[in-house]
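Coordinate inspection notes
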Amino acid sequence: MDQAIFTLPNMTFALSSPWLAWHLLATPVLGIDNGIGLTPPRGWRSWNAFDCMETRTILTQSHMMAQMDAVLDKSRLVNGQPTSLAELGFNWISMDDGWQRCNCSVRQDLDPSLPKCDGNLCFGGHCSWHDSQGQPVVRKDRFPDMKKLVSYGHARQLKVGTYLNNCICNEHGLPHYANDVKWMVNEMGFDGVKIDNCGSSTNVSYWAELLNATGKAIRIENCHNSWPDFKTGFCPMNFFRTGGDISADINSIITEAYATVDAADLPEPRSRPGCWAYPDMSEVGNFAGPHRDDQERTHWGLWCVVSSPLILGFDMNDSETMDRVWPIITNLDALAISEAWIGHPGTLNLGAKRDQFLDITGE
């Protein structure tokens, strides 16, 4: 099988056919008008490190604050200089599912005051995570002071993100868009949001309208609700999921990368500054097995080549893992490729399509 070998300082990754010919093309660019995500977003999100299934890895306020400290740590070097991940643009620390209180994050048999729902610890409950007034309800045992958490990040010049329309509670009653936006921005002070597709609040255009009306630029991640409008280019988000849920497996990595092609393999790609196609969070730091390091380098390099957002997903306080992946995630040449824009995010070149693109663009 043919392979293309890409070599950067401290990083080599191989892509087998049909990955052999990724290419870049110059095309017009439009983006969401909130000034965020003009290069592929970077940061950390909790799900791949702290989920809702295992007690010892449950997402908590303490875990979030510890990740904020870790991203500011300058005990490691980049090009001989003490450097933090925040200084390299990974200064967004965001939570995923598990912060809200609902029957499916605490079973009814453990708390009889909760409504009885079908489902296990995480999924299938179809219960509300809002109170009788439509206000979000925080799990105080995990997040005793959500606003203090956001302030903790802001005091360290970090951006803090939350997660809405969640999957643990799987709420399918009336939506609470306005209440959620007010809570998120005006009361808590969050800077960004991942909008999942498990509940009833799936209108990302309406989310964007309400968020923009707050007067604060909010980084919007759309998870499986919609793609940009391919006819008009309208994109009410800064990045949008193109693939399924990722896992720390090279087959999953390739599958999710392929999912970006439909947004990029176009004369005017729908993955572009301000509106990036997103195969999913990074699994660098989570691989196992004899080829772990090579596979993580391939994964990271591929995400950089296709202009994917680079969202870390491992426990950054795990010193052994951080030491191991540090040369990968801080590779300045790879990061430069990620943020470079010459009119196209990078896509699969199938030979004849390249000539078709060149004819259309006149290049």
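Treat the numbers as computed from the prediction; the structure is a model and nothing was measured. (Residues numbered from 1 in each chain as written. Predicted model: local features only at pLDDT ≥ 70, side-chain atom pairs only at ≥ 80, totals over all residues. Heavy atoms only, no water.)

Turning next to the overall build of the protein. The number of helices and strands found in the protein is ten helices and 14 strands. Every one of the 363 residues in the protein was classed for burial, and the buried ones make up 55%. For the protein, contacts bridging at least 24 residues in sequence account for 75% of all contacts bridging at least 6. Here the protein displays about 15300 Å² of accessible surface, and carbon together with sulfur accounts for 50% of that area. (Helix = DSSP H or I, 4+ residues; strand = E, 2+ residues; numbered from the N terminus. Buried < 20%, exposed > 50% of the residue type's maximum accessible area, 1.4 Å probe, protein only. Contact = heavy atoms within 4.5 Å. Areas by Shrake-Rupley, 256 points an atom, 1.4 Å probe, with all protein chains shown as cover.)

This paragraph deals with the pattern of salt bridges. The full count for this structure, using the stated rule, is 15 salt bridges. For Arg 42, the salt bridge identified is with Glu 339, shortest N-O distance 3.2 Å. On the criterion of sequence distance, the pair formed by Arg 42 in strand 4 (residues 42-45) and Glu 339 in helix 9 (residues 332-339) is long-range, its members being 297 residues apart. On the basis of relative accessible area, Glu 339 is assigned to the partly exposed category, the value being 39%. Here Asp 323 ties to Arg 76 by a salt bridge, and the two come within 2.7 Å at their closest N and O atoms. Separated by 247 residues along the polypeptide, Asp 323 in helix 8 (residues 319-329) and Arg 76 in the loop between helix 1 (61-71) and strand 5 (77-78) bring together distant segments of the chain. (Salt bridge = Lys/Arg side-chain N within 4 Å of Asp/Glu carboxyl O.)

What follows deals with the side chain of Thr 260. The residue Thr 260 is located in the loop between helix 5 (250-258) and helix 6 (261-264) in this model. In this structure, Thr 260 is in contact with Thr 242, Ala 277, Pro 279 and Val 306, ignoring residues within four places of it in sequence.

Contact geometry of helix 1 with helix 2 (residues 146-154) gives a least axis separation of 10 Å together with a crossing angle of 5 degrees. Between helix 1 and helix 2, the angle is such that the two are roughly parallel. Packed against helix 1, whose contacting residues are Gln 61, Met 64, Met 65, Met 68 and Asp 69, the element helix 2 presents Met 146, Lys 148, Leu 149, Tyr 152 and Gly 153 at the interface. A per-class count over the contact of helix 1 with helix 2 returns six nonpolar, two polar and two charged. (Axes fitted to C-alpha atoms, helices over the stretch in contact; angles between N-to-C directions. Parallel < 35°, antiparallel > 145°, perpendicular 65-115°, else oblique. Nonpolar A, V, L, I, M, F, W, Y, C, P; charged D, E, K, R; others polar.)

The next point concerns the state of the cysteines. Simply put, disulfide is the name for a covalent bond between the sulfur atoms of two cysteines. What the rule picks out here adds up to two disulfides. Each sulfur in the disulfide pair Cys 167 and Cys 198 lies 1.7 Å from the other. Classification of the bridge connecting Cys 167 and Cys 198 rests on its S-S torsion, roughly 70 degrees, and on that basis the disulfide is right-handed. Placement of the pair is Cys 167 in the loop between strand 8 (159-164) and helix 3 (177-188) and Cys 198 in the loop between strand 9 (192-195) and helix 4 (204-213), with a sequence separation of 31 residues. Judged by relative accessible area, Cys 167 falls into the buried class, the value being 11%. Relative accessible area serves as the criterion here: at 18%, Cys 198 is assigned to the buried category. Note on cysteine connectivity: Cys 235 is disulfide-linked to Cys 275, with sulfurs 1.9 Å apart. Taking the sign of the torsion about the S-S bond as the criterion, the disulfide between Cys 235 and Cys 275, at about 85 degrees, is right-handed. In this pair, Cys 235 is assigned in the loop between strand 10 (219-222) and strand 11 (239-241) and Cys 275 in the loop between helix 6 and strand 12 (276-278), connecting sequence segments 40 residues apart. Across the pair, Cys 275 and Cys 235 agree in class, each one buried. In this structure Cys 223 is not part of a disulfide, and its nearest cysteine sulfur, from Cys 167, lies 6.9 Å away. (Disulfide = S-S within 2.5 Å.)

Side-chain alternation along strand 9 places Gly 192 and Lys 194 on one buried face and Val 193 and Ile 195 on a second face that is also buried. In this sheet, strand 9 lies alongside strand 8 in parallel orientation, the contact comprising four bridges. Residue pairing across strands places Thr 162 opposite Val 193, the latter belonging to strand 9. For the segment spanning strand 8, helix 3 and strand 9, crossover handedness is right-handed. In the sheet, strand 9 pairs with strand 10 via four bridges, with the strands oriented parallel. Following the sheet pairing, Ile 195 is matched in strand 10 by Asn 222. Taken together, strand 9, helix 4 and strand 10 constitute a β-α-β crossover, and its handedness is right-handed. (Pairing = 2+ DSSP bridges. Right-handed = clockwise from strand over helix to strand, strands pointing away.)

Along an α-helix, residues three or four apart share an orientation, since each turn contains 3.6 residues. Ser 252, Ile 253, Glu 256 and Ala 257 are the residues of helix 5 that are buried. Along the axis of helix 5, the buried positions cluster into a sector of 130 degrees, meaning they face one direction only. Looking at where helix 5 begins, the residue whose side-chain oxygen comes 2.9 Å from the main-chain nitrogen of Asn 251 is Asp 249. (Arc of directions from axis to C-beta. Polar contact = N/O pair within 3.5 Å; in protein donor to acceptor, adjacent residues only side chain to side chain.)

A separate point is the environment of His 172. Along the chain, His 172 turns up in the loop between strand 8 and helix 3. Residues His 172 and Cys 127, spaced 45 residues apart in sequence, show a C-alpha to C-alpha distance of 7.3 Å.

A word on the nonpolar core. Counting residues in hydrophobic clusters, the biggest one holds 78 residues, and the most contacted among them are Trp 99, Met 146, Trp 300 and Met 316. Here this core takes six residues from helix 3, the largest share from any one element. Once residues lying within four places of it in the same chain are set aside, the contact partners of Met 316 are Trp 44, Gln 67, Ala 70, Val 71, Leu 85, Ile 93 and Met 322. The next biggest cluster of nonpolar side chains, apart from the first, holds five residues, and it includes Phe 239, Trp 276, Tyr 278 and Met 281. (Core = buried A, V, L, I, M, F, W, Y, C linked by side-chain atoms within 4.5 Å.)

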